Amino acid sequence: MYFVIVIILLIFIFQIFEKSRFLKIRNSSTKRSAKIIEFRKEKIQILRNNFTQIYYPYITINNETEIHRLSNANSWEKKYKINETIEVFNYGDKWIDWNTYNKGFYKLIPHF
């Protein structure tokens, strides 16, 4: 029983650090407007020999002709729609949704 409580506590602490790290990166970036153009199914590797296909949204930044894949970070329940305008920021070569931690369970997680 104590083992389960410790695991849940460790997961919660990990989520606090992840949210804090994300907000630190986000606050040092500039917010951009992006439009969802299409979804592409891409194969990702979950385990050693286990592959699955996931739909990734592709965006254009400020109506440019170049398209970029939106990295969802922790946006598991976020459903995007084609032609929807969202706010994103750039981190390295990834484009990440600005409001990743501003919804659902993640709103309740404290950060420092």
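Attention here is on the structure that accompanies the text. (Residues numbered from 1 in each chain as written. Predicted model: local features only at pLDDT ≥ 70, side-chain atom pairs only at ≥ 80, totals over all residues. Heavy atoms only, no water.)

### Quick look at unusual backbone geometry
Worth spelling out the cut-off: Labels follow the DSSP assignment, with helices taken as runs of H or I lasting at least four residues and strands as runs of E lasting at least two, numbered in each case from the N terminus.
At Asn83, a residue that is not glycine, the phi angle is positive and equals roughly 70°. Among the structural elements, Asn83 can be located in the loop between strand 3 (67-71) and strand 4 (85-91).

### Describing the nonpolar core
Formally: Side-chain atoms within 4.5 Å are what join buried Ala, Val, Leu, Ile, Met, Phe, Trp, Tyr and Cys residues into a set we call a nonpolar core. Buried means the residue's accessible area, taken with a 1.4 Å probe over protein chains only, is under 20% of the maximum for its type, while exposed means over 50%, and partly exposed covers the values in between. What makes two residues a contact is simply this: any of their non-hydrogen atoms within 4.5 Å.
Formed by Ile16, Phe22, Leu23, Ile25, Phe89, Ile96, Trp98, Tyr101, Tyr106 and Ile109, the largest nonpolar core amounts to 10 residues. Not counting chain neighbours up to four residues away, the residues in contact with Trp98 comprise Phe22, Arg26, Ser29, Thr30, Lys31, Glu87, Val88 and Phe89. If you look at the next biggest cluster of nonpolar residues, it comprises nine residues, including Ala34, Ile61, Ile86 and Trp95.

### Quick look at the sheet that holds strand 2 (residues 50-61)
The criterion, for reference: Strands are treated as partners if at least two bridges between them are detected by DSSP. For helices, the fitted line uses only the C-alpha atoms of the stretch in contact; every axis is such a line through C-alpha atoms, and the angle between N-to-C directions lies from 0 to 180 degrees.
With mixed pairing, five strands are arranged side by side around a closed barrel as 1-2-3-5-4. Strand after strand, the sheet turns through a mean of 45° between neighbouring axes, direction not considered. Bridge count for strand 3 against strand 5 (residues 94-97) is two bridges, and the pairing is parallel. Along strand 5, the bridge assignment pairs Leu70 with Trp95. Along the sheet, helix 1 (residues 2-27) contacts strand 4 and strand 5; its crossing angle with strand 4, the most-contacted strand, is approximately 90°.

### Details of the packing of aromatic side chains
As a reminder, the rule being used: Note on aromatic contacts: the rings of Phe and Tyr and the six-membered ring of Trp form a pair at centre separations within 6.5 Å, being stacked when their planes are under 30 degrees apart, edge-to-face when over 60 apart, and tilted otherwise.
Summed over all chains, the structure comprises two aromatic pairs. Geometrically, the ring pair formed by Phe89 and Trp98 is edge-to-face, given 5.8 Å between the ring centres and 85° between the ring planes. Given the relative accessible area of 0%, Phe89 is considered buried. The exposure class assigned to Trp98 is buried, which follows from its relative accessible area of 12%.

### Some thoughts on the pairing of strand 2
Note that strand 1 (residues 32-47) and strand 2 share 12 bridges and pair antiparallel. Pairing of Ala34 across the sheet is with Ile61, part of strand 2. Taken together, strand 1 and the strand that follows it, strand 2, pair antiparallel across an intervening segment of two residues. In this structure, strand 2 lies alongside strand 3, joined through three bridges in antiparallel fashion. The residue bridging Thr60 from the neighbouring strand is Ile67, located in strand 3. The hairpin formed by strand 2 and strand 3 contains five residues between the paired strands, and Asn62 there has a positive phi angle of roughly 50°.

### Topic: the pattern of salt bridges
Selection rule: In the sections that follow, a salt bridge refers to a side-chain nitrogen of Lys or Arg positioned within 4 Å of a carboxyl oxygen of Asp or Glu.
In the structure shown here, the tally under the stated rule is four salt bridges. Glu87 is the salt-bridge partner of Lys31, the closest N and O atoms lying 3.6 Å from each other. Taken together, the residues span a long stretch of sequence, with Lys31 in the loop between helix 1 and strand 1 and Glu87 in strand 4 at a distance of 56 residues. The exposure class of Lys31 is partly exposed, given its relative accessible area of 44%.

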